[in-house]
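Chain by chain, the residues:
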Amino acid sequence: MDLQRRTLLQALAATVGSAATLALPAAHARPARAADFHRAVAADPLLRPFAGVADAPEGLASDTPLLRGRWPAELRGRLHRNGPALYERGGERYHHWFDGDGMVQQFAIEDGRVRHRGRLVQTAKLRAERAAGRFALPAFGTTVENPLPLSGADSVNPANTSVLEHGGRLLALWEGGSAHELDAADLSTRGPVTWRDDLKGLPFSAHPKVAADGTLWNIGTAGAHLVVWQIGADGRLQRAQVGAHPYPHGMVHDFAITDRWLVVPLPPVRFSFDNEAREGPRRFPMDAGQPLRVLIARKDDLARQRVLELPPQFVFHVGNAHEERDGTVVLSYVGAPDNAFLDRGAVALMRGERPLPAPAGTCIARLDPVRGTARVQRLDDAVEFPRVHPACVGRRTRWLVSACGAPSGSAGANALLRGVQVLDTETGRVQRFDYGEQAIAEEHIVVPRPGRSGERDAWLLGTVYDARRDATVLNLLDLAHVQDGPLAQAVLPYRLPLGFHGHFRAT
Ligand SMILES: [Fe+2]
């Protein structure tokens, strides 16, 4: 057995082991009662999307959403989004927003029309819990009593974090297990993807990056080892590397690529799965005073790596990264002073409470991989879900698109996002559109205009929950004039659960 294969198998064993630790019994730990949430949300309709959906195999569908404005005929393609959606079984409710079973939404846009489909991903977890009639498998932020036996990380995989089309496949993604392949025609689930037999079950995380040549790069964590995936534009596995040494302490969620490097922020957060999430000790403690570490590793040789230390910060998402001529790596990311949203905000939402503001802002870090030095500049406030033009991934980028909230110090501010902004990273200037206080804005994706190559020659596509209508609205905006608001809207005849991330594929 060669070293690479042996390392892979050890890493897989570690992955299964870490999933097994999720099953630690905790006699006092029970999912929150659903009735508490529904009482609370009756007084705050803005939080209705956190009610989630029922386990209905047919899902949601509308061929005739209310169209407003003009949907351009030249915009043709599919927007897919994913997020936690099923939060309740048997009168019990998950504690943490991130625990819900994934539901993939599809907006098909063609000839000025928009159609919507949404279906729960039919994971092994969903099927097992449907059969059991209860939450029976451990989740990220909720412990269950008398858990069913686990056979690996995919036993607990809710496939709830992102979705993308690549190499002819539609993949629903979660950070701790396999990608699930779906049929783009009807969103039915084909099952977990095994890229190669000896890699079965190794995590394929939810923030892959597609380089300009069509190669998909992704990471995963197998026990204490980093896994790096390289998938060709044809959808075939080109290479998988597993780090020979454990990666430094920290939470892995998102990463960036440059021409030569993988850039992985590692905020100093530990997962304590034997802690109860609702009261008492928290599940995701952040180590006070510990730096934000950033792992920089060569794409072609994971062993060639360096860890840089930045001032203490919590990070979910990166915007982008590129290399300057002198070798400096410029990384944009959304940094927060602490992990309050992960640890408490996402728990409060499940109880029907509005969490406190999340003072997360866009940061630009200049990293010197040779000297190991780093400089960080913060540019704004109250943003999340950063996105860039898809042709700019791994390259110099001027315009950064984010969902945004009211500034964290302003009256009535809370962690819910209500607008979209375009940040000029060269000047620091921001243009924003505010959907209003009865709206929750989600991630907005940059969609290049056909036949145009400029970074600003693009639309934005983003969903918003409108509490006045109790409906989800798909919005189309002009990236260069975001402050003018939507060019076109498609108002669904129902609300969708709030999702995390998505992807647009032109057709
Ligand atoms: Fe994410």
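Note that the structure is predicted; figures quoted are calculated from it, not measured.

Definitions and limits used
Residues numbered from 1 in each chain as written. Predicted model: local features only at pLDDT ≥ 70, side-chain atom pairs only at ≥ 80, totals over all residues. Heavy atoms only, no water. Donors = N, O, S within 2.8 Å, 3.2 Å for Na, K, Ca; no water. Tetrahedral: all angles 85-135°; square planar, octahedral: opposite > 155°, others 65-115°. Helix = DSSP H or I, 4+ residues; strand = E, 2+ residues; numbered from the N terminus. Buried < 20%, exposed > 50% of the residue type's maximum accessible area, 1.4 Å probe, protein only. Core = buried A, V, L, I, M, F, W, Y, C linked by side-chain atoms within 4.5 Å. Contact = heavy atoms within 4.5 Å. 1 Å grid on protein atoms, 1.4 Å probe; cavity = no way out; pocket = protein on both sides within 12 Å on 5 of 7 lines; lining within 4 Å. Points joined across faces, edges and corners; volume = space filled by probe spheres on them. Nonpolar A, V, L, I, M, F, W, Y, C, P; charged D, E, K, R; others polar. Pairing = 2+ DSSP bridges. Arc of directions from axis to C-beta. Axes fitted to C-alpha atoms, helices over the stretch in contact; angles between N-to-C directions.

Caption draft 1: Expanded view of the coordination of the iron ion. Protein coordination at the iron ion: the donors are H207 (NE2), H253 (NE2), H317 (NE2) and H501 (NE2), at 2.1 to 2.2 Å from the metal. For the iron ion, the four donor atoms in the first shell make angles of 90 to 172 degrees at the metal, a pattern classed as irregular. Linear spacing of the donor residues for the iron ion on their chain is H-x45-H-x63-H-x183-H. In this pair, H317 sits in strand β21 (residues 314-323) while H501 sits in strand β33 (residues 501-506), placing the two residues 184 residues apart along the sequence. Exposure remark for H317: the relative accessible area of 4% places this residue in the buried category.

Caption draft 2: Local environment of the nonpolar core. The biggest cluster of nonpolar side chains holds 30 residues, and the ones touching the most others in it are F50, W97, F98, F341 and L342. Secondary-structure elements contributing two or more residues to this core are α2 (34-41), β21 and α4 (340-350). Here this core gets five residues from one element, more than from any other, and that element is α4. In this structure L342 touches H96, F98, F140, M251, V269, F284, F314 and F316, once residues within four positions along its chain are discounted. Core analysis: the second largest hydrophobic core is formed by 19 residues, F255, L295, L302 and L423 among them.

Caption draft 3: Local environment of the layout of surface pockets. The volume enclosed by the second largest pocket comes to roughly 930 Å³. Surrounding the second largest pocket, 44 residues form its lining, V210, R387, P390, V393 and H503 being those nearest its centre. At the level of secondary structure, the elements contributing two or more residues to the lining of the second largest pocket comprise β9 (162-166), β13 (209-210), β21, β25 (383-387), β29 (439-448) and β33. Ranked by residue count, the leading element in the lining of the second largest pocket is β33, at six residues. In terms of residue class, the lining of the second largest pocket is made up of 24 nonpolar, 11 polar and nine charged.

Caption draft 4: Geometry of the sheet that holds β13. Taken in spatial order, the four strands of this open sheet run β13-β14-β15-β16, and their pairing is antiparallel. Strand pairing shows two members of the sheet lacking a second neighbour, β13 and β16 (237-242), which therefore form its edges. In the sheet, strand β15 (residues 225-231) pairs with β16 via five bridges, with the strands oriented antiparallel. Bridged to V228 within β16 is Q241.

Caption draft 5: Spotlight on the side chain of R89. One can find R89 in strand β5 (residues 88-89). Taking relative accessible area as the criterion, R89 reaches 11% and is therefore assigned buried. Here R89 is in contact with D55, L126, E129, R130, R134 and F135, once residues within four sequence places are set aside.

Caption draft 6: Region of the structure containing α2. Every buried residue of α2 is listed here: A34, F37 and V41. All buried residues of α2 project into a common sector of 65 degrees when viewed along the axis, lining one side.

Caption draft 7: Geometry of the sheet that holds strand β30 (residues 458-466). Strand order in the open sheet made by the five strands is β3-β32-β31-β30-β29, with antiparallel pairing throughout. On the outer flanks of this sheet lie β3 (66-69) and β29, each paired with one strand and no other. Neighbouring strand axes in the sheet, compared pairwise and without regard to direction, differ in orientation by 15 degrees on average. Sheet analysis places strand β31 (residues 471-478) next to strand β32 (residues 488-491), joined by four bridges and oriented antiparallel. Bridging from a neighbouring strand, L476 pairs with A488 of β32.

Caption draft 8: Seen up close, the pairing of strand β22 (residues 329-336). The buried count for β22 comes to eight of eight residues, which makes it a mostly enclosed element. Where burial is concerned, the two faces of β22 agree: the one with V329, L331, Y333 and G335 and the one with V330, S332, V334 and A336 are both buried. As judged from the seven bridges shared by β21 and β22, these two strands associate in the antiparallel manner. Looking at the pairing, N320 lines up with S332 of β22. In sequence, β21 turns back onto β22 through a hairpin of five residues, with G327 there showing a positive phi of about 95 degrees. Looking at chain direction, β22 and strand β23 (residues 361-368) are connected through seven bridges and run antiparallel. Note on β23: the bridge partner recorded for L331 is A365.

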